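Read off the chains here:
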Amino acid sequence: ERYIAVAKDSSIYLYDRNDENGYQIYTHTSNVSSLNFYTYEGKTYLYFTSDEGGNNPIVYKNCDAEDFTEPNTAQSTAINSCSAFAINGTEVCFANASNSVYSAQMDGLDIIVNGSDAVNETSSKASFSVYNGSIYFAKDRTIYTADGRPTIWSTRHDIASFALVEGVCYYTSNENYFYRA
């Protein structure tokens, strides 16, 4: 990957491995989270959620643009309600504000929802991870594939966030403890 992005509050720090000057800072109108890169027509875009008081749309910035640091210039997508999401290739999986999980596809630079049915509608907060070319999401104590099927990983504690590495699930609980499933 050419870029690394880290967010704190409303600031995104974008490090370009090809730029000897280090990093750039973009300041958004509100707090940001759930950073994801997407490459389209040879350019790299950074997608993220914008915390706008209940409506958390997915927006994006062109990482290759000269005006990356221009404040409050993120472009909107068709997703207007998102608590978290992941992009893998052209596949997108996201949770809306009520934590229902949906499958979607990139369409150019926009995100188009595949039908109106959620793949998971429990009210628990979802977290996402990409592993071996697939998107996974976790709710409560179960990890699912992007189409909503449970996987082989289940845990003893509710999952706050997780990563799949070499076939092993590592996760943090809602109580902020770190585990291996």
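These figures come from a predicted structure and were not determined experimentally. (Residues numbered from 1 in each chain as written. Predicted model: local features only at pLDDT ≥ 70, side-chain atom pairs only at ≥ 80, totals over all residues. Heavy atoms only, no water.)

Novice: Please clarify how the overall build of the protein should be interpreted in this entry.
Specialist: Check the secondary structure of the protein and you find 0 helices and 18 strands. Relative to its length of 181 residues, the protein is compact, with a C-alpha radius of gyration of 16 Å against a globular reference of 16 Å. A principal-axis box enclosing the C-alpha atoms of the protein has dimensions of 45 × 35 × 30 Å. Every one of the 181 residues in the protein was classed for burial, and the buried ones make up 45%. Counted over contacts in the protein with a minimum sequence separation of 6, partners at least 24 positions apart contribute 33%. By element, 42% of the accessible surface of the protein is carried by carbon and sulfur atoms, the whole surface being about 9,600 Å². If you average the places of the 11 positive and of the 22 negative side-chain charges in the protein, the two averages end up 9 Å apart. (Helix = DSSP H or I, 4+ residues; strand = E, 2+ residues; numbered from the N terminus. Rg over C-alpha atoms; globule rule 2.2 N^0.38 Å. Buried < 20%, exposed > 50% of the residue type's maximum accessible area, 1.4 Å probe, protein only. Contact = heavy atoms within 4.5 Å. Areas by Shrake-Rupley, 256 points an atom, 1.4 Å probe, with all protein chains shown as cover. Lys, Arg positive; Asp, Glu negative; His and termini not counted. Charge placed at Lys NZ, Arg CZ, Asp CG, Glu CD.)

Novice: Even after reading the chapter, I still don't get the packing of aromatic side chains, so can you show me in this structure?
Specialist: Two aromatic rings, taken as a pair, are described by how far apart their centres are and by the angle between their planes. Here the structure, examined in full by the defined rule, presents 15 aromatic pairs. Pairing Tyr 45 with Tyr 60 gives two aromatic rings, centres 5.9 Å apart and planes at 80 degrees, and the pair type is edge-to-face. You can see Tyr 45 sitting in strand S5 (residues 43-50) and its partner Tyr 60 sitting in strand S6 (residues 58-62), a full 15 residues away along the chain. When the centroid spacing of 5.9 Å and the interplanar angle of 85 degrees are considered together, the rings of Tyr 136 and Trp 153 count as edge-to-face. Of this pair, Tyr 136 sits in strand S13 (residues 134-139) while Trp 153 is found in strand S15 (residues 150-154), placing the two residues 17 residues apart along the sequence. Residue Tyr 136 shares its accessibility class with Trp 153, and that shared class is buried. Through a chain of ring-to-ring contacts, three or more aromatic side chains come together here, namely Tyr 38, Tyr 40, Tyr 45, Tyr 47 and Tyr 60. Over the ring of Phe 68 we find Lys 61, and its NZ or CZ is 5.5 Å from the ring centre. (Phe/Tyr/Trp six-rings, centres within 6.5 Å; stacked < 30°, edge-to-face > 60°. Lys NZ or Arg CZ within 6 Å of the ring centre and 35° of its normal.)

Novice: What's the story with the environment of Ile 4 in this structure? I'm lost.
Specialist: For Ile 4, the position within the fold is in strand S1 (residues 3-8). Spatially, the C-alpha atoms of Ile 4 and Phe 94 are 21 Å apart, while their sequence positions differ by 90 residues. Residue contacts for Ile 4: discarding those within four places in its chain leaves Tyr 13, Leu 14, Tyr 15, Arg 17 and Phe 37.

Novice: Is there a simple way to explain the sheet that holds strand S9 (residues 91-95) in this structure?
Specialist: Strand order in the open sheet formed by 4 strands is S8-S9-S10-S11, and the pairing between neighbours is antiparallel. On the outer flanks of this sheet lie strand S8 (84-88) and strand S11 (110-113), each paired with one strand and no other. Sheet twist, expressed as the average angle between the axes of neighbouring strands with direction ignored, equals 30 degrees. Note that S9 and strand S10 (residues 101-107) share 5 bridges and pair antiparallel. Looking across to S10, one finds that Ala 95 is bridged to Val 101. (Pairing = 2+ DSSP bridges. Axes fitted to C-alpha atoms, helices over the stretch in contact; angles between N-to-C directions.)

Novice: Whenever I open this one, the environment of Pro 150 confuses me. Can you help?
Specialist: Assignment of secondary structure puts Pro 150 in strand S15. A relative accessible area of 58% means that Pro 150 is categorised as exposed. Residues contacting Pro 150, with those up to four places away along its chain left out, are Thr 142, Ile 143 and Tyr 144.

Novice: Explain the pattern of salt bridges here, please?
Specialist: This structure, assessed with the given rule, holds 4 salt bridges. Notably, a salt bridge pairs Asp 16 with Arg 2, separated by 2.7 Å at the nearest N-O pair. Of this pair, Asp 16 sits in strand S2 (residues 11-16) while Arg 2 sits in the segment before S1, placing them 14 residues apart in sequence. The exposure class assigned to Asp 16 is buried, which follows from its relative accessible area of 7%. Among the ionic pairs, Arg 2 bridges to Asp 64, the shortest N-O distance being 3.5 Å. In this pair, Arg 2 is assigned in the segment before S1 and Asp 64 in the loop between S6 and strand S7 (75-76), connecting sequence segments 62 residues apart. For Arg 2, a relative accessible area of 36% puts it in the partly exposed group. The network of salt bridges with common partners includes Arg 2, Asp 16 and Asp 64. (Salt bridge = Lys/Arg side-chain N within 4 Å of Asp/Glu carboxyl O.)

In short, the description is geometric, and any link to function would need to be established separately.
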